Each structure stands twice: as structure tokens, then as C-alpha cells.
Amino acid sequence: MAAAGDAAKEYVAGAAAGVAQVVVGHPFDTVKVKLQAHNTTAHGKVYKNGFHCTSRILVEEGIRGLYKGASSSFIGIAVESSLFFGTYSQAKQLLQGNYENGRPHLQVIIPSAACSGALISCILTPTELTKCRMQVQGKDVMHGARYSSPLDCAVKTLESEGLRGIFRGGLATLFREAIGNAVFFCTYEYSRYWMHNYLDSPRFSSSSNFVLAKDIGIGVMSGGISGMAFWTATLPLDVAKTIIQTDLDPHLSRNPFRVLSMVYKRAGMGGCYAGLGPTLARAFPANAAAIVAWEYSAKILGIKRG
């Protein structure tokens, strides 16, 4: 029973991390999606850069424009983050075996993170499809206001494209999450371990105020760096996913590598990394908030970690 209780706490802490991530990161994500959808077409660029895109959203749609699709993100990412962090923690415990506790091991981290990422891709695909289709809408784009809400988007997608349509971009999401989350947790575990080793040395104060500041600082830095590593490694796959999910052409390939090849021919390497600026700008604060929320929720719930 105790083990089941600890597992449930891990999932609750993960949900808290997801909520924090959406609050901080969704506006950046909206800008990223618009750049990916409208700066990779054969007609040329719609936006000069992330700042230009943001200013146009604010002028024409207001602050609400930056949070388009956020309701589906809150639900989807809270569930996804709960499963993601919870499954990772449980898989890590199972694989830890005879390995030294506290010290990170690639043999444990990579399969735990990759399996967790693959699992959540099943939830992320439909929620991100509705989010992306809401985000690319606007007064300044050719699609116009096609959907009134994420639910309306999901219903219309099911009506016009069937169940297969709601899972458009699933393969790209699977690759992005499995690869990206292995990169994320390797970066997180090792950076956290090294920073704790350095700051836990006798040369630093052991006062309660310092310990609190140290834990928050390590959470911010390790989470932020890990988020940037995730997106640096996987942004081309995310570009392919966005195009597959937002382009309504029924003949468009759903193979992310074919789509990337098409993007490369149209817009070069810059097209494959469309939205890099707002993505990295979002990655640090959003993932820092997620990790701090995860770690402190775990501490409040009495979960012990190395």
C-alpha cells in the first residue's frame, strides 16, 4: 500500500509540473507554432521573426491570442506531465537495481525516459493537434477562424477526417518525445547531480535560507538547461509535426522525414529550425518552472529522492 501511495504522489507532483509549464510557456509556444506553420510554405515567410509574430498577435488579437488553445494544453499537459514524470520515476526505480543510488546512470535514465516519452505521445498527439490548429488561426492568416474552441476543433476534425485525423502527426510526436525526453532527463539528472555535489560541499553555508535558495536555483538551472537541450535535439521533428497537423492537404505525407525533406528543399536548414528563437526562449523558463514545481510538490508530498 505504501508503494502504491508513493506512486500516486509521483503522478500528482507530475501534474503540478505540467500546470506550471503551461502557465509560463504557452505564449512562447503559440509564437513557435505560427512560425512553423506559416514560415515554411512555398509562398515565403509571413513573419520576420519571433518578435514580429508576437507583436502582430498582440495588436490584432490581444493577450488572449497568445493563449489560444491553452485550455486543451492545461488538460492535456496536466495529464501528460502526470504520466510522464510518474512513469519516469517508477521505471527509474525498477531499473535502478544494484546501481549506486544518487549517482545518475545512463543505463537507467535513457530507457526510463524514452519509454515514458513514447507513452505520453499517445495523449500528446490529439491534444497538440487541437492546440496547433487553434494557434495558427488568426486575422492575419489564410485559414481564418475555422474553430471556436479546442472542443469544436476536435469534433470537426473527427467529423471530417475520422479517428485517424485526430492522430495526425503521431509518428513525429512519438520520435520527438522518445528521443527528446531521453536527452532531457540525461541533462537534468547529470546537471542536478554535479550542481548538488558542488554546492553541498563544506565551503558553502548550511543555513535553511541557503538550502532553500540552493534547491530552487538548482531546479531552475537544471530544468531550464534540460528544456533547451530537448528542443535543440528535436525541433526539426516538431516542425514536421506542426506541418502535418495544420496542413489540411489530404495528400500530404505523414512521414516526418519526408516532410522535413520537403521543408529543407523549400526553406533550407532555417526552415527545419523554424521557431527556434521563441522555442528556446520558452524552453528555459517553462521547464525551470516545471522542474521546480515537480521537485517541491514531491517534497511537500513526502517523496524522497536522491
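Structure first, text after, so check above.
Only a predicted model underlies this, so the values are computations on that prediction, with no experimental measurement involved. (Residues numbered from 1 in each chain as written. Predicted model: local features only at pLDDT ≥ 70, side-chain atom pairs only at ≥ 80, totals over all residues. Heavy atoms only, no water.)

Draft legend 1. A look at the overall build of the protein. Summing up its helical and strand segments, the protein has ten helices and zero strands in all. Across the protein, helices and strands are ordered from the amino to the carboxyl terminus as α-α-α-α-α-α-α-α-α-α. Looking at the protein as a whole, 49% of its 306 residues are labelled buried. The long-range share in the protein, meaning contacts at least 24 apart out of those at least 6 apart in sequence, stands at 77%. A total accessible area of about 14,200 Å² is found for the protein, and carbon and sulfur atoms account for 65% of it. (Helix = DSSP H or I, 4+ residues; strand = E, 2+ residues; numbered from the N terminus. Buried < 20%, exposed > 50% of the residue type's maximum accessible area, 1.4 Å probe, protein only. Contact = heavy atoms within 4.5 Å. Areas by Shrake-Rupley, 256 points an atom, 1.4 Å probe, with all protein chains shown as cover.)

Draft legend 2. Fine view of the environment of alanine 267. For alanine 267, the position within the fold is in helix H9 (residues 256–272). Along the sequence, alanine 267 and lysine 45 sit 222 residues apart, while their C-alpha atoms lie 9.3 Å from each other.

Draft legend 3. Representation of helix H6 (residues 150–166) within the structure. The end-to-end C-alpha separation of H6 is 12 Å, well short of the 24 Å expected for 17 residues at 1.5 Å each. The largest bend along H6 reaches roughly 105 degrees and is located at serine 160. (Expected span 1.5 Å × (residues − 1). Bend = angle between axes of the 7 residues up to and from the residue.)

Draft legend 4. Quick peek at the environment of histidine 26. With respect to the helices and strands, histidine 26 occurs in helix H1 (residues 2–38). On the basis of relative accessible area, histidine 26 is assigned to the buried category, the value being 4%. Taking the C-alpha atoms as reference points, histidine 26 and leucine 66, 40 residues apart in sequence, are found 7.3 Å from one another.

Draft legend 5. Fine view of the nonpolar core. Grouped together as the largest cluster of nonpolar side chains are 31 residues, with contacts concentrated most on Phe85, Phe185, Ile243, Val259, Ile291 and Trp294. Of all the secondary structure elements, the ones that give two or more residues to this core are H1, helix H4 (70–96), helix H5 (106–135), helix H7 (170–199), helix H8 (208–246), H9 and helix H10 (276–300). With seven residues, the single largest contributor to this core is H8. Those residues in contact with phenylalanine 85 that lie beyond four places of it in its chain are Gly14, Ala17, Phe185, Ile291 and Trp294. Listed in part, the six residues of the second largest apolar core include Val31, Leu35, Ile57 and Leu66. (Core = buried A, V, L, I, M, F, W, Y, C linked by side-chain atoms within 4.5 Å.)

Draft legend 6. Region of the structure containing the pattern of salt bridges. Following the criterion strictly, the structure yields 14 salt bridges and no others. The partner of lysine 92 in a salt bridge is glutamate 189, and the shortest N-O contact between them spans 2.8 Å. Linking lysine 92 in helix H4 with glutamate 189 in helix H7, this pair joins segments that are 97 residues apart in sequence. Between glutamate 161 and arginine 133 there is a salt bridge; the shortest N-O distance is 3.0 Å. Of this pair, glutamate 161 sits in helix H6 while arginine 133 sits in helix H5, placing them 28 residues apart in sequence. One salt-bridge network, held together by shared partners, links Asp29, Lys32, Glu128, Lys131, Arg176, Glu177, Asp238 and Lys241. (Salt bridge = Lys/Arg side-chain N within 4 Å of Asp/Glu carboxyl O.)

Draft legend 7. Structural detail: the side chain of threonine 246. If you trace the backbone, threonine 246 turns up in helix H8. For threonine 246, a relative accessible area of 9% gives the class buried. One polar contact links the side chain of threonine 246 to the main-chain carbonyl oxygen of threonine 242, over a distance of 2.7 Å. (Polar contact = N/O pair within 3.5 Å; in protein donor to acceptor, adjacent residues only side chain to side chain.)

Draft legend 8. Geometry of the packing of aromatic side chains. Using the criterion set out here, one finds twelve aromatic pairs in the structure. Geometrically, the ring pair formed by phenylalanine 85 and tryptophan 294 is tilted, given 4.5 Å between the ring centres and 35 degrees between the ring planes. Here phenylalanine 85, found in helix H4, pairs with tryptophan 294, found in helix H10; they are 209 residues apart in sequence, far enough to count as distant. Relative accessible area serves as the criterion here: at 2%, tryptophan 294 is assigned to the buried category. One aromatic cluster in this structure is built from Phe84, Phe85, Tyr88, Phe184, Phe185, Tyr188 and Trp294. Seen from the ring of tyrosine 296, lysine 299 lies directly overhead, with NZ or CZ sitting 5.0 Å from the centre. (Phe/Tyr/Trp six-rings, centres within 6.5 Å; stacked < 30°, edge-to-face > 60°. Lys NZ or Arg CZ within 6 Å of the ring centre and 35° of its normal.)

Draft legend 9. Representation of H5 within the structure. Taking 1.5 Å as the rise per residue, H5 with 30 residues should run 44 Å; its terminal C-alpha atoms sit only 37 Å apart, a clear shortfall. Helix geometry: H5 is bent most strongly at cysteine 122, by close to 40 degrees, with proline proline 126 lying one to four residues after it.

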